[in-house]
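# Structure at a glance
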Amino acid sequence: MKALILAGGLGTRLRPLTYRMPKPLIPLLGRPLVDHIIDPLPAEVDTVVLAVSYMKDALDAYFSSHDVGRKVVLVNEEAPLGTGGAVKNVAHYINDTFIAFNGDVVCSVDLNDMLHHHREHGGIGTMALWRVDDPSAFGVVGRDSRGRITSFQEKPAKEEAISNSINAGVYIFEKELLDHIPAGVVSLERDVFPKILNKGLHGYEFKGHWIDCGTRENILVAQRTLLDLGGGRISPEMIKEDDAMLTGVNMVQRSHLRGCRIGPHVYIEDDVLISKGAEVSESMVLRGALIEEGAKVQGSIIGPDCVVARGQAVKDQIVART
Ligand code: GDD
Ligand code: MG
């Protein structure tokens, strides 16, 4: 079976970090976001097709040097084709039922169970659903009593949303879906879903966690969630001196903590130096960054090789080279 990961978005809401790092390669507890999608794919998935466009070379370099346990094929779009165009563009790899994933979703969906559900219900596809309080930033579904999707709205105004069940960005499709995607730039959500409802598109609800990592806030929610699920780890190569203090669950790689206070929910990558009197909480500090004396970092992402100056306070920001 093939799994398709849509990974061609520009990551605009994560700029400036995504000027130099495509969204699928943003580290989440030491591994790129996309690995968190690939790892739990069912055993029957032998090939992962990545539909890419933005920063294809960086993705190519990552997959050429890391074995993720399956064959990975990168299919490039000269210019982004939209989520539907991206599916059509990989048509020659699709020969049967396939899984498709938005490349920025971290969640606990059980794909084996979802496949079972799909095979039981039949139809052209099954869409994983998640409940949120405010569905206006997502695709929203209406369903009949048997769970079949009867209407689909992409990013409706809050007062117009027909439910609070949203498209989780994880699908199982039959190959037949390809016949319903026209050529060119096409949005699955706006152009295709509303037209295939009569072919049988079913909803599949699941429990646990679901996060769309498209924003700073949500990446940090994903990091916190995975840390709280047992992802904390302190590298034996970390150097801690001058009574540096760690509180709560954190992941700290080969870095240097000097008289600072770290935690909770902090990820610190290799070759980072955090200086005396600095405080870091609910944040990500990437490779080679320097946090100077007395600086405070909260709810933020500090990109590779960036410096937070002495005494500076960084709250709810992305600091990265442009
Ligand atoms: N290959 C390719 N080409 N991939 C693309 C393109 C493109 O032109 N445009 C977007 N993508 C990828 C993005 O990289 C991302 O992984 C995924 O498709 C979804 O795009 P986003 O830009 O993140 O969309 P969204 O978060 O606003 O909305 C989508 O996801 C929600 C759930 O997270 C929609 O599918 C909503 O319906 C859904 O609720
Ligand atoms: Mg998204």
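These numbers come from a predicted model, not from an experiment.

### As for the sheet that holds strand E23 (residues 284-285)
- Judged by pairing direction, the sheet is parallel, and its six strands sit side by side in the order E14-E17-E20-E23-E26-E29 without closing on themselves. Across the chains shown, the open sheet's two edge strands, defined by having one partner strand only, are strand E14 (233-234) and strand E29 (318-319).
- Pairing of E14 with strand E17 (residues 251-252), which is carried by two bridges, proceeds in the parallel orientation. In the sheet register, Ile-234 faces E17, and the bridge partner there is Val-252.

### Re the coordination of the magnesium ion (ligand 2)
- Around the magnesium ion (ligand 2), the protein supplies Asp-104 (OD) and Asp-212 (OD) as donor atoms, at distances of 2.2 to 2.4 Å. Here Asp-104 is found in the loop between strand E6 (98-102) and strand E7 (105-107), whereas its partner Asp-212 is found in strand E13 (residues 210-212), with 108 residues between them in sequence. Each member of the pair Asp-104 and Asp-212 is classed as buried.

### Observations regarding the domain arrangement of the protein chain
- Taken domain by domain, the protein chain holds domain 1 (2-216) and domain 2 (233-319).
- On a C-alpha basis, the centres of domain 1 and domain 2 stand 33 Å from each other.
- Counting each side, the surface lost to burial between domain 1 and domain 2 is near 920 Å², with a carbon and sulfur contribution of 78%.
- Put simply, domain 1 and domain 2 have one salt bridge between them.
- At the junction of domain 1 with domain 2, the criterion picks out two residue pairs in polar contact (both at pLDDT 80 or more).
- Among the residues forming the side of domain 1 that touches domain 2, the class breakdown is seven nonpolar, one polar and three charged.

### Focus: helix H3 (residues 82-89)
- Here H3 has its buried residues at Gly-84, Gly-85, Ala-86 and Val-87.
- Looking at the buried positions of H3, the neighbouring elements they touch are strand E1 (2-6), strand E4 (47-52), E6 and helix H5 (188-196).

### Re the environment of Phe-63
- One can find Phe-63 in helix H2 (residues 56-65).
- Of the residues examined, Phe-63 reaches a relative accessible area of 12% and is grouped as buried.
- Sequence separation between Phe-63 and Asp-243 is 180 residues, and the spatial gap between their C-alpha atoms is 40 Å.
- Sequence-distant contacts of Phe-63, defined by excluding residues within four places in its chain, comprise Val-34, Ile-38, Leu-50, Val-68, Val-72 and Leu-74.

### Overview of the site of ligand 1
- Inspection of the region around ligand 1 gives 26 residues, with Glu-77, Gly-82, Asn-167, Glu-189 and Asp-212 positioned closest.
- The side chain of Glu-77 places a nitrogen or oxygen atom 2.7 Å from a nitrogen atom of ligand 1.
- Between ligand 1 and the protein, one listed contact pairs an oxygen atom with a backbone N or O atom of Gly-103 at 2.8 Å.
- Protein contacts shield 89% of the accessible area of ligand 1, which totals 740 Å² for the unbound molecule.
- Taken together, the elements giving at least two residues each to the shell around ligand 1 come down to H3, strand E11 (165-173) and E13.

### Topic: the environment of Leu-220
- You can see Leu-220 is positioned in helix H6 (residues 216-231).
- As a C-alpha pair, Leu-220 and Pro-22 span 198 residues in sequence and 17 Å in three-dimensional space.
- Other than its neighbours up to four places away in sequence, Leu-220 contacts Glu-282, Ser-283, Met-284, Gly-299, Ser-300 and Ile-301.

### With respect to the pairing of strand E9 (residues 139-143)
- Extensive coverage of E9 is indicated by the burial of four of its five residues.
- Alignment of E9 against strand E10 (residues 149-154), held across five bridges, turns out to be antiparallel. Pairing of Gly-142 across the sheet is with Ser-151, part of E10.
- Joining the antiparallel neighbours E9 and E10 is a turn of five residues, in which Gly-147 adopts a positive phi near 90°.

### Examining the sheet that holds strand E21 (residues 273-274)
- Sheet architecture is open: five strands sit in the order E15-E18-E21-E24-E27, paired in parallel fashion. Only two strands of the sheet have a single partner each, and these edge strands are strand E15 (239-241) and strand E27 (307-308).
- Bridge analysis of E15 against strand E18 (residues 256-258) gives three bridges, and the strand direction is parallel. Across the sheet, the residue bridging to Ile-239 is His-256, located in E18.

Rules used throughout
- Residues numbered from 1 in each chain as written.
- Chains lettered and ligands numbered in written order.
- Predicted model: local features only at pLDDT ≥ 70, side-chain atom pairs only at ≥ 80, totals over all residues.
- Heavy atoms only, no water.
- Pairing = 2+ DSSP bridges.
- Helix = DSSP H or I, 4+ residues; strand = E, 2+ residues; numbered from the N terminus.
- Donors = N, O, S within 2.8 Å, 3.2 Å for Na, K, Ca; no water.
- Buried < 20%, exposed > 50% of the residue type's maximum accessible area, 1.4 Å probe, protein only.
- Domains from an automatic or database assignment.
- Buried area = accessible area lost by both parts, 1.4 Å probe.
- Salt bridge = Lys/Arg side-chain N within 4 Å of Asp/Glu carboxyl O.
- Polar contact = N/O pair within 3.5 Å; in protein donor to acceptor, adjacent residues only side chain to side chain.
- Nonpolar A, V, L, I, M, F, W, Y, C, P; charged D, E, K, R; others polar.
- Contact = heavy atoms within 4.5 Å.
- Near = heavy atom within 4 Å.
- Areas by Shrake-Rupley, 256 points an atom, 1.4 Å probe, with all protein chains shown as cover.

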